[in-house]
Amino acid sequence: MGESNLAGFGGEMRFGRVRFCIMLLIALVFSGCGEVVTKGTSPRILAMGDSLLAWNALSEQSVSHRVEDILGEPVIDRSVNGARLLYELPISGALGMSIPAQYRSGEWDWIIVNGGGNDLWLGCGCSWCNRKLDRLISPDGRSGEITNLIARLRATGAQVIYVGYLRSPGLGSPIEHCRDEGDELEKRIADFAKGSEGVHFLSLAELVPRGDRSFHAFDMIHPSYKASAAIAERIATIIAT
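Below: a short report on this structure. The shown structure was predicted, so the numbers you read here are calculated from the model rather than taken from an experiment.

## Things to note about the overall build of the chain
Counting its secondary structure elements, the chain contains nine helices and five strands. Listed by position from the N terminus, the elements making up the chain come as α-β-α-α-β-α-β-α-α-α-β-α-β-α. In the form shown here, the chain has an accessible surface area of approximately 12,200 Å², with 56% of it arising from carbon and sulfur atoms.

Printed below as a string of structure tokens:
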């Protein structure tokens, strides 16, 4: 490789690092990861995950905000846009890009959690993802990062609600081609939840009617205000009953 090619390669590497830092900054700014347990208070509900929960936080219309409104209970939201379950960078992981690292100790009765979508969509483009899918959760639903995380959360004594993902309405969404991988991921989680006391899997597979854009934000990936409210209603129903 010539000097000019090496220089170009180095420039691309630097640009990649800068782009990553910018994306990380945006993700942290537009997330609820900064929310902490205030000393002297005992909130009972914790939320952790990715943009399904974190989206609409700036306008106080996120899933967690709406759960608070419905139940009249504070929710500590540690979710971060772009967060993954399989994440190896230590500093940004500790800042919330790693979903397992979002956990903070507390007297939690309920922990709302989601994740896995970014690992498949951003991690392998929902193509050739079988190995990564198996790392998230095995075909028999008995091992993997998701089952390990849920076991850790259940060991605190809290009930766990694992939330699935919105489906594409079939109108040009960038996640349309991820449907099969998403369905398989959630099937495995649902099978695990059925045999696990205190674990509740909330599927959103039937929430979005075919051809209905109103449940998605402008990017046709993330939840609209309407969707965040609908998801919150389903979560609140599980907690209340």
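Still more to cover.
## Comments concerning the nonpolar core
Grouped burial of nonpolar side chains is what soluble globular proteins tend to show. The biggest cluster of nonpolar side chains holds 33 residues, and the ones touching the most others in it are Met48, Ile111, Val113, Ile146, Leu153 and Leu185. Contributing elements (two or more residues each) for this core: strand 1 (45-48), strand 3 (110-113), helix 6 (130-136), helix 7 (145-154), strand 4 (159-163) and helix 8 (179-194). Residues in contact with Leu185, not counting those within four places in the same chain, are Gly115, Gly116, Leu120, Leu133, Leu136, Ile137 and Ile146. If you look at the next biggest cluster of nonpolar residues, it comprises 25 residues, including Val63, Ile112, Ile161 and Leu166.

## What about the side chain of Glu181?
Mapped onto the elements, Glu181 comes out in helix 8. Buried Glu181, no salt bridge; nearest opposite-charge side chain is Arg179, N-O distance 9.1 Å. When residues no more than four places from it in sequence are discounted, the contact partners of Glu181 are Leu120 and Cys126.

## Quick look at the pairing of strand 4
Strand 4 sits mainly inside the fold: four of its five residues count as buried. Bridging between strand 3 and strand 4 involves four bridges; their strand directions are parallel. Looking at the pairing, Trp110 lines up with Gln159 of strand 4. Here strand 4 runs beside strand 5 (residues 199-202); their pairing, made up of four bridges, is parallel. For Val163, the partnering residue across the bridge sits in strand 5 and is Leu202. Viewed along the sheet, the connection from strand 4 through helix 8 into strand 5 turns out right-handed.

## Re helix 3 (residues 63-71)
An α-helix turns once per 3.6 residues; consequently, residues spaced three or four apart project the same way. Val63, Ser64 and Val67 are the residues of helix 3 that are buried. For helix 3, the angular spread of the buried residues around the axis is 95°, confining them to a single face. Among the structural elements, strand 1, helix 2 (51-54), strand 2 (75-77) and helix 9 (225-240) are those in contact with the buried residues of helix 3.

## A closer look at the environment of Trp108
Residue position: Trp108 is located in the loop between helix 4 (90-97) and strand 3. Separated by 49 residues in sequence, Trp108 and Gly157 place their C-alpha atoms 7.7 Å apart. Of note is the side chain of Trp108, whose polar atom sits 2.8 Å from the backbone oxygen of Arg104.

About the criteria used
- Residues numbered from 1 in each chain as written.
- Predicted model: local features only at pLDDT ≥ 70, side-chain atom pairs only at ≥ 80, totals over all residues.
- Heavy atoms only, no water.
- Helix = DSSP H or I, 4+ residues; strand = E, 2+ residues; numbered from the N terminus.
- Areas by Shrake-Rupley, 256 points an atom, 1.4 Å probe, with all protein chains shown as cover.
- Core = buried A, V, L, I, M, F, W, Y, C linked by side-chain atoms within 4.5 Å.
- Buried < 20%, exposed > 50% of the residue type's maximum accessible area, 1.4 Å probe, protein only.
- Contact = heavy atoms within 4.5 Å.
- Lys, Arg positive; Asp, Glu negative; His and termini not counted.
- Salt bridge = Lys/Arg side-chain N within 4 Å of Asp/Glu carboxyl O.
- Pairing = 2+ DSSP bridges.
- Right-handed = clockwise from strand over helix to strand, strands pointing away.
- Arc of directions from axis to C-beta.
- Polar contact = N/O pair within 3.5 Å; in protein donor to acceptor, adjacent residues only side chain to side chain.

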